[in-house]
Amino acid sequence: MAGLQQTNSEKILLSWVRQSTRNYPQVNVINFTSSWSDGLAFNALLHCHRPDLFDWNAVVSQHSPVQRLDHAFNVAKQHLGIEKLLDPEDVATACPDKKSILMYVTSLFQVLPQQVTMEAIREVEMLPRHSRVTKEEHIKVHHQERFSQEVSYFTFLLSSCCPKVVVSLTYPISF
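Along each chain, residues carry numbers from 1 onward, in the same order as the chain's sequence is written. Residue-level local features of this predicted model are given only where pLDDT is at least 70; pairs of side-chain atoms are given and counted only at 80 or more, and the full residue set underlies all totals for whole chains, interfaces and linings. Side-chain descriptors were evaluated using all non-hydrogen atoms of the structure, hydrogens and water having been removed beforehand.

A. Quick look at the side chain of serine 37. To qualify as a helix, a DSSP run of H or I must reach at least 4 residues; to qualify as a strand, a run of E must reach at least 2; elements of each kind are numbered from the N terminus. Assignment of secondary structure puts serine 37 in the loop between helix H1 (8-21) and helix H2 (40-49). A distance of 3.0 Å separates a polar side-chain atom of serine 37 from the backbone oxygen of serine 34. Residues count as neighbours in contact if any of their non-hydrogen atoms are within 4.5 Å of one another. Residues within four places of serine 37 in sequence aside, it is in contact with Pro65, Leu69, Val91, Ala92, Thr93 and Pro96. Think of a polar contact as two N or O atoms within 3.5 Å of one another; within protein, one of them needs to be a possible hydrogen donor and the other a possible acceptor, and neighboring residues in sequence only count if both atoms come from side chains.

Right under this line is the structure:
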């Protein structure tokens, strides 16, 4: 039960993030897991407080979440002195590790302006809780990825001896 509740520190941190990224329509941070996986939240947080460091539109136009995450982590290291504690590949998943995200965002909180309004805190308290759904979604995505890898490997093995069979395996498989 305690794992489902947000601590006051988490509420304040999430309030600060939401308040800081409010003017970035592509960003909607509601948690410390999936909201960070596309890299936009980290970049918006940095850009809000230090718009002189990079062009926001250039970051948005980057196609890969890994590229956007790498950009944010490099900017934070170079200009704010925050070590690259996270690997972009580990964050660019359906459900990145909450404690890792919290640790990194806390590092940003310590070096960037920290003003948080009561309105922002109340807004966070009204957000829906999706802890169980997120974990179930994470498991489902993991199983789908694993199944896809197994089908690809099986297809590769069959292609050397039975090319006609491979054609029948290339049709989309729905779950």
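And the narrative resumes.
B. Highlighting the nonpolar core. For our purposes a nonpolar core is just a set of buried Ala, Val, Leu, Ile, Met, Phe, Trp, Tyr and Cys residues, chained together by side-chain atoms within 4.5 Å. Here the term buried applies to any residue with accessible area under 20% of the maximum for its type, exposed to any over 50%, and partly exposed to those in between, with areas from a 1.4 Å probe on protein chains only. Residues Trp16, Trp36, Phe42, Val105 and Leu108 are the most contacted members of the largest nonpolar core, which totals 37 residues. For this core, the secondary-structure elements that each account for two or more residues are H1, H2, helix H3 (56-60), helix H4 (65-80) and helix H6 (98-111). The contacts of tryptophan 36, once residues within four sequence positions are left out, are Val17, Val29, Asn31, Ala41, Phe42, Leu45, Leu69, Val91, Ile101 and Val105.

C. Structural detail: the environment of valine 29. Looking at the element boundaries, valine 29 is found in the loop between H1 and H2. C-alpha separation for the pair valine 29 and arginine 18, spaced eleven residues apart in sequence, amounts to 6.1 Å. Setting aside residues up to four positions removed in sequence, valine 29 forms contacts with Leu14, Val17, Arg18, Thr21, Ser35, Trp36 and Ala41.

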